[in-house]
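Chain residues, written in single-letter form:
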Amino acid sequence: MAWREIIYQYDGSFDGLLSCIYESYTQKERPTAIVCDGDAEPCFFEVRTVATVRAHAERVSRSLRRLSPDVIPLLRRVHLTCLPNKEMAIYRFVAKLYREGPRYLTRLSDDAYQPLLRAVHQLSTEVEHLRGFLRFSVFDGMLGAEIEPKNRVLPLLRGHFCDRCYNETFFIYDRTHREALLYANGVSRIVPLESFEIAAPDAEEADYRRLWKRFYDTIAIPERENPKRRMSNMPKRYWGTMTEFQEESAEAPPAAEEARRFRGSGGRLGRGGGRLDHAATV
Amino acid sequence: MELLDKLTILADAAKYDAACTSSGARRGHVEGMIGSTSSSIAGCCHTFSADGRCVTLLKVLLSNDCVYDCKYCVNRRSNDVRRTSFTPKELAELTIGFYRRNYIEGLFLSSAVLGSPDRTTELMIRTLSLLRGEYRFNGYIHAKAIPGASPELVYQLGLLADRLSVNIELPSEASLKSLAPNKTKRAILAPMRQIRYGVAESKAELVKYRSAPRFAPAGQSTQLIVGASGESDRHILNLTESLYGQYRLKRVFYSAYVPVVENALLPSLDTKPPLLREHRLYQADWLLRFYGFRACELLDEAQPDFDPRLDPKCCWALRHPEFFPVEVNRADYETLLRVPGVGVVSAKRILVARRTGPLHADDLRKLGVVMKRAQYFLTCSGQLATPLRLSYAGVMANLMAIERAALPAAQFEQLSLFDRVG
Ligand code: SF4
């Protein structure tokens, strides 16, 4: 393969990344880097924007599925992680897999493979943590939560919360990646949402928070206090969005106002029939 | 009394119960109902309390107003504490309110003996019926069967709960007699036996009719108090093994005794809870359930208690030099599991990874093997992972140093206490 210093730019979607791989193999060139639109810093290398083409992505996807049915699900997950330069990590892995065939998949400790497994493992741990540590507030009968994850966890939390809250209307806002999972009447969407401020609690919500905090403080056995163990089981970075670690706010202004503001901003969670409609969906 | 006060009293009275998992029941969402238990397969921790324990369920007593007088218990009749009970409606609303906010996976309902075992059980049934019926709760429920309650009532309770349990608390009949005079071994074992057969029967029925009533689909568990009475670790572990075998228990929990009362028969009030001992028992329990060990391999007459300085698996390995070193590129799964530093996950990875070629020490680390521990017990294609062969005492000292660093501060204190004694 010719070595031309070229940087691929893509739209950040998984199909987009597969299209980059397609581009590389059809153009017989190996990119120096693969970056998201707008992330490319000015440099001396040639930057090419690779369009996301469904058919190209499907070609790559099919060739990988032929090697093993597990590859695409693995790569989808890697793509959600915060692994630095994850696009190139995926690219290198795929290149090696093409070269060595399905046997490569048992080489769990290989340098192009093991970092992916580790990143995915961390992703799974974060998803598992957030299933438990995520806190909803009730606004006007609707549930809302905010999280600050390292990885893009919403696509993986989706199934769990849609099942658990099947008969509810809810949203989860991801502050880190500025996107929200919205759910109503059996339909869910993930939409980009630049900024979002959660409403202040109403009286009932404030009561439940107080009850929960009290329960949390009561359930610990003082003779067994163990900050180290608590910290390793529940790292501090989660505490910022957990009810039991928040100061009680002195006053409780009505929630409805803010909740409605949410409905008017990013996505609209229509009241009549709970219809969801948004331009961009994931 | 205000709800906040009730919650404080009834959560405080329930906190010594260690069983707080929600595993084993899988039930997806149901139209018109609140919640599911599908995340409960692995058990879901919603938070960790200041003592580092996982909080999954709203763990409370229905009432702390007890007619019994178990000497080790804060709720005993002769103790001077504030008494209160939830109404079924209060508890149902609290559960729903917490559940919707994702604070909890469900309810863990236990109770002191309010009047009589039957009356208490009836009240629990009323609460759970309200929660499942009117409040349409489809999440996880773990209920405590009260020793001495009639079988019909225990059966009804089991139809409403995912898991039923009876706490044995004291690991021998002699301790029961002296410390819990109102309870007998029979009163405790009878409902356990009933639950065991109830669960099995319900499963068999379900195979035949899909709509057969489900009796405690997540099975039963129990708790043993460690350190309130004089039983050895060996006694406790043998009991555990027979509970897993004969009674088909899903889990046995251990709770280090926290002195709550001055009594000549009990450890004095300034005794620290034996956390390290509890920790070793949990490690051994894990070895029984997932690593193919038997209780008699871990402890025997000559050594009836665990060495506080080393985990049970390392202890076993050091006592069995004939078993080692294990060759990672050939050993079967069961053998790999016996190597300190190799876990269920890393053993499985080794089986996969070695198919493409022999593994080296470096690969093992990447596969998740804890080489600090494993190095003394492994060879890779005939080569020892550590070039120099240490003496038994050397290996022991190294392993102990690793262990010491890994233990939380509170347990470390207990360890230095042991050091001083001998
Ligand atoms: S029966 Fe015994 S252990 Fe249970 S609450 Fe009453 S006094 Fe405590």
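Draft legend 1. Geometry of the domain arrangement of chain A. Residues and elements named next belong to chain A. For chain A, the domain assignment lists domain 1 (4-123) and domain 2 (135-282). With six residues of domain 1 at the interface, the matching set in domain 2 holds six residues. Around 570 Å² of area is buried between domain 1 and domain 2 when both sides are counted, 64% of it from carbon and sulfur atoms. Three residues, Leu80, Cys82 and Leu123, lead the burial of domain 1 against domain 2; their summed loss comes to 78% of the area buried on that side. Here domain 1 is connected to domain 2 by zero salt bridges. Along the contact surface separating domain 1 from domain 2 lie two residue pairs in polar contact (both at pLDDT 80 or more). Residue composition of the side of domain 1 that touches domain 2, by class: three nonpolar, two polar and one charged.

Draft legend 2. The arrangement of the packing of aromatic side chains in detail. Residue and element names in this part refer to chain B. Applying the stated rule across the entire model yields 29 aromatic pairs over all chains. Among the aromatic side chains, those forming a connected cluster through ring pairs are Phe293, Trp316, Phe323, Phe324, Tyr376 and Phe377. Above the ring of Phe293, the side-chain terminus of Arg338 is found at 3.8 Å from the ring centroid. Between the NZ or CZ atom of Arg338 and the centre of the ring of Trp316, over which it lies, the distance is 4.9 Å.

Draft legend 3. View of the pairing of strand 1 (residues 6-10) of chain A. Residue and element names in this part refer to chain A. Where burial is concerned, most of strand 1 is hidden: five out of the five residues are buried. What you see with strand 1 is no split at all: Ile6, Tyr8 and Tyr10 on one side and Ile7 and Gln9 on the other are buried throughout. Bridge analysis of strand 1 against strand 3 (residues 46-49) gives four bridges, and the strand direction is parallel. Paired with Tyr8 across the bridge in strand 3 is Arg48. As defined by bridge partners, strand 1 adjoins strand 2 (residues 33-36) across four bridges and the pair is classed as parallel. In the sheet register, Tyr8 faces strand 2, and the bridge partner there is Ile34.

Draft legend 4. A look at the domain arrangement of chain B. Residues and elements named next belong to chain B. Domain assignment breaks chain B into domain 1 (3-298) and domain 2 (312-413). Each of domain 1 and domain 2 was reduced to a C-alpha centroid, and the two centroids are 36 Å apart. Contact with domain 1, which involves 14 residues of that partner, is made by 13 residues of domain 2. Roughly 1,200 Å² is buried in total at the junction of domain 1 and domain 2, and carbon and sulfur atoms are behind 58% of that figure. For domain 1, the biggest contributors to the area lost against domain 2 are Tyr291, Phe293 and Glu297; these three give 41% of the whole. Remark: the boundary between domain 1 and domain 2 carries two salt bridges. Broken down by secondary-structure element, the contributors of at least two residues to the side of domain 1 that touches domain 2 are helix 8 (275-290) and helix 9 (295-298). Per-element tally for the side of domain 1 that touches domain 2: the top contributor is helix 8, with eight residues. Residue composition of the side of domain 1 that touches domain 2, by class: eight nonpolar, three polar and three charged.

Draft legend 5. Up close: the pattern of salt bridges. Considering all chains together, one arrives at 35 salt bridges over all chains under this definition. A salt bridge links Arg65 of chain A to Glu58 of chain A; the nearest nitrogen and oxygen atoms lie 2.9 Å apart. Judged by its relative accessible area of 40%, Arg65 of chain A is partly exposed. Since its relative accessible area comes to 23%, Glu58 of chain A is described here as partly exposed. Two residues, Arg101 of chain B and Glu205 of chain A, come together in a salt bridge whose shortest N-O distance is 2.8 Å. Of this pair, Arg101 of chain B sits in the loop between helix 2 (88-100) and strand 4 (106-110) while Glu205 of chain A sits in helix 7 (residues 203-219), which puts the two residues in different chains. Among the residues examined, Arg101 of chain B registers a relative accessible area of 2% and is labelled buried.

What counts and what doesn't
- Residues numbered from 1 in each chain as written.
- Chains lettered and ligands numbered in written order.
- Predicted model: local features only at pLDDT ≥ 70, side-chain atom pairs only at ≥ 80, totals over all residues.
- Heavy atoms only, no water.
- Domains from an automatic or database assignment.
- Contact = heavy atoms within 4.5 Å.
- Buried area = accessible area lost by both parts, 1.4 Å probe.
- Salt bridge = Lys/Arg side-chain N within 4 Å of Asp/Glu carboxyl O.
- Polar contact = N/O pair within 3.5 Å; in protein donor to acceptor, adjacent residues only side chain to side chain.
- Nonpolar A, V, L, I, M, F, W, Y, C, P; charged D, E, K, R; others polar.
- Phe/Tyr/Trp six-rings, centres within 6.5 Å; stacked < 30°, edge-to-face > 60°.
- Lys NZ or Arg CZ within 6 Å of the ring centre and 35° of its normal.
- Buried < 20%, exposed > 50% of the residue type's maximum accessible area, 1.4 Å probe, protein only.
- Helix = DSSP H or I, 4+ residues; strand = E, 2+ residues; numbered from the N terminus.
- Pairing = 2+ DSSP bridges.

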